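# Observations on chain architecture
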Amino acid sequence: MTEQAQQTRQRRRGEELEAALLEAAWQELVEVGFARLTMESVAARAKTGVAVLYRRWPNKDDLVLAAIRHQGTTHPVEIPDTGSLRGDLIALLGNASRARVSFAAIIGAAFSGLLAGAGLTPAQVREKIMADRPLWSDQVFARAHARGEIDLDRIPPAVLAMPFDLMRHDMLMTYQPIPPERLLAIVDDLFLPLIAINHPR
């Protein structure tokens, strides 16, 4: 091992080391895919020993899930504030579509490996990735509620989730950013009419 590599290994501790390991795992996932990623290849990319990985994650599946979660946490989607629910939702879906399309492609490619290795469905993978993280839409819907545009006590959770479920579906089907006309259709033709049904007159 070179002197520089030894110094790198010695300097990193705690959260800094864990972040470096998760970034290395993400880059390995991006470049070689789930099937070819190994604990040893991640350790080599991170310039550390494989035992360092095993002390934190017992297997490759747990490491990959942690890397995906870390990537999402450290690269958040911008939450807009346009002054209206419609404007916020169109902007948020657009921001998420552009920011997450490559993310969705990589995760989609990893699903089959996670299903085979850990027995996880895509829904279970998403649940593990999201854990206790707040949803992108929480701020948007809370502001709309405060403005009187919606009544969150009356709207079924499935209605609030619908625009984002459709966005994820489209991204996983095409691995492309969602076209503006499709975003408008989701908001204007599907979401807002359902909101109107549940808004007090």
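These figures come from a predicted structure and were not determined experimentally.

## Some points on the overall build of the protein
When helices and strands are counted, the protein shows ten helices and zero strands. Buried positions account for 41% of the 201 residues belonging to the protein. Within the protein, counting contacts between residues at least 6 apart in sequence, those at least 24 apart form 70% of the total. In the form shown here, the protein has an accessible surface area of approximately 10900 Å², with 56% of it arising from carbon and sulfur atoms.

## Let's talk about the environment of isoleucine 106
Following the sequence through the fold, isoleucine 106 ends up in helix 6 (residues 85-118). Take isoleucine 106: its relative accessible area is 18%, and that puts it in the buried class. In the structure, isoleucine 106 is positioned 69 residues away from tyrosine 175 in sequence and 9.4 Å away in space, judged by C-alpha atoms. With near-sequence residues (within four places) excluded, isoleucine 106 lies in contact with Trp26, Leu29 and Val30.

## Topic: the layout of surface pockets
In this model, the largest pocket occupies a volume close to 680 Å³. Along the walls of the largest pocket sit 27 residues, with Arg126, Met130, Trp136, Phe164 and Arg168 positioned nearest its centre. Counting residues per element, the ones that place at least two in the lining of the largest pocket are helix 5 (60-74), helix 6, helix 7 (122-130), helix 8 (137-147) and helix 9 (157-174). A per-element tally of the lining of the largest pocket places helix 9 first, with nine residues. In terms of residue class, the lining of the largest pocket is made up of 19 nonpolar, two polar and six charged.

## Concerning the packing of helix 5 against helix 7
Contact geometry for helix 5 and helix 7: axes closest at 9 Å, N-to-C directions at 60 degrees. What the angle tells us is that helix 5 and helix 7 run oblique. Both helix 5 and helix 7 take part in a crossing whose hand is right-handed. Each of Leu65, Ile68 and Arg69 in helix 5 lies in contact with helix 7, whose residues at this interface are Val125, Lys128, Ile129 and Met130.

## What to know about unusual backbone geometry
Phi angles above zero are rare outside glycine, and lysine 47 is one such case at about 55 degrees. Here lysine 47 lies in the loop between helix 3 (39-45) and helix 4 (50-54). A positive phi angle, near 55 degrees, is found at tyrosine 175, a position not held by glycine. The exposure class assigned to tyrosine 175 is partly exposed, which follows from its relative accessible area of 38%.

## Overview of a nonpolar patch on the surface
Where nonpolar side chains cluster on the molecular surface, the patch consists of Leu172, Met173 and Tyr175 and spans about 300 Å² of accessible area. Within the element layout of this structure, tyrosine 175 appears in the loop between helix 9 and helix 10 (180-197).

## Some details on helix 8
Residues of helix 8 that are buried: Ser137, Val140, Phe141 and Ala144. Mapping the buried residues of helix 8 onto a view down its axis gives an arc of 90 degrees, with all of them on the same face. Residue glycine 148 follows helix 8 closely and has a positive phi angle near 85 degrees.

## Re the packing of aromatic side chains
Aromatic ring pairs are described here by two measures, namely the spacing of the ring centres and the angle between the planes. If you walk through the whole model with that rule in mind, you get one aromatic pair. Positioned above the aromatic ring of phenylalanine 34 is the side chain of lysine 60, whose terminal nitrogen or guanidinium carbon lies 4.3 Å from the ring centre.

## Topic: the pattern of salt bridges
Applying the stated criterion across every chain yields a total of ten salt bridges. Between arginine 147 and aspartate 88 there is a salt bridge, with the nearest N and O atoms lying 4.0 Å from each other. Residue arginine 147 is located in helix 8, and its partner aspartate 88 is located in helix 6; the two are separated by 59 residues in the primary sequence.

So, how was this worked out
- Starting afresh in each chain, residues are numbered from 1 along the sequence in its written order.
- Owing to the predicted nature of the model, reporting of local features is limited to residues with pLDDT of at least 70; listing and counting of side-chain atom pairs is limited to 80 or more, with chain, interface and lining totals taken over all residues.
- Hydrogens and waters are ignored; side-chain quantities use all the structure's heavy atoms.
- Elements are defined by DSSP. Helices are runs of H or I of four residues or more, strands are runs of E of two residues or more, and each kind is numbered from the N terminus.
- Think of it in three bands: with a 1.4 Å probe and only protein chains considered, a residue is buried below 20% of the maximum accessible area for its type, exposed above 50%, and partly exposed in between.
- Two residues form a contact once any of their heavy atoms are found within 4.5 Å.
- Residue exposure ignores everything except the shown protein chains as possible cover, and the areas themselves are Shrake-Rupley values with a 1.4 Å probe.
- In this analysis the probe radius is 1.4 Å and the grid spacing 1 Å, with only protein atoms considered; a cavity is a set of points the probe fits into but cannot get out of, a pocket is an open set with protein on both sides within 12 Å along at least five of seven lines, and lining residues have an atom within 4 Å of a point.
- Grid points are joined across faces, edges and corners, and a volume is the space filled by probe spheres set on the points.
- Side-chain classes follow a simple rule in which Ala, Val, Leu, Ile, Met, Phe, Trp, Tyr, Cys and Pro form the nonpolar group, Asp, Glu, Lys and Arg form the charged group, and the remainder, Gly included, forms the polar group.
- Each axis is a line fitted through C-alpha atoms, taken for helices only over the stretch in contact, and angles between the N-to-C directions span 0 to 180 degrees.
- The cut-offs work like this: below 35 degrees is roughly parallel, past 145 is roughly antiparallel, 65 to 115 is roughly perpendicular, and the gaps in between are oblique.
- Each helix crossing is assigned a hand: it is left-handed if the near helix lies turned anticlockwise from the far helix by less than a right angle, otherwise right-handed if that turn is clockwise.
- Residues qualify for a patch when their relative accessible area is over 30% and they have no salt bridge, like charges being joined within 9 Å and the nonpolar side chains of Val, Leu, Ile, Met, Phe, Trp and Tyr within 5 Å.
- Every case where a carboxyl oxygen of Asp or Glu lies within 4 Å of a side-chain nitrogen of Lys or Arg is listed as a salt bridge.
- Note: the arc covers the axis-to-C-beta directions of the helix.
- Geometry of aromatic contacts follows a simple scheme: Phe, Tyr and Trp rings, the Trp one being its six-membered ring, pair when their centres are within 6.5 Å, and the pair is stacked under 30 degrees between planes, edge-to-face over 60, tilted otherwise.
- The criterion is that NZ of a Lys, or CZ of an Arg, lies within 6 Å of the ring centre and within 35 degrees of the ring normal, and then a charge sits over that ring.

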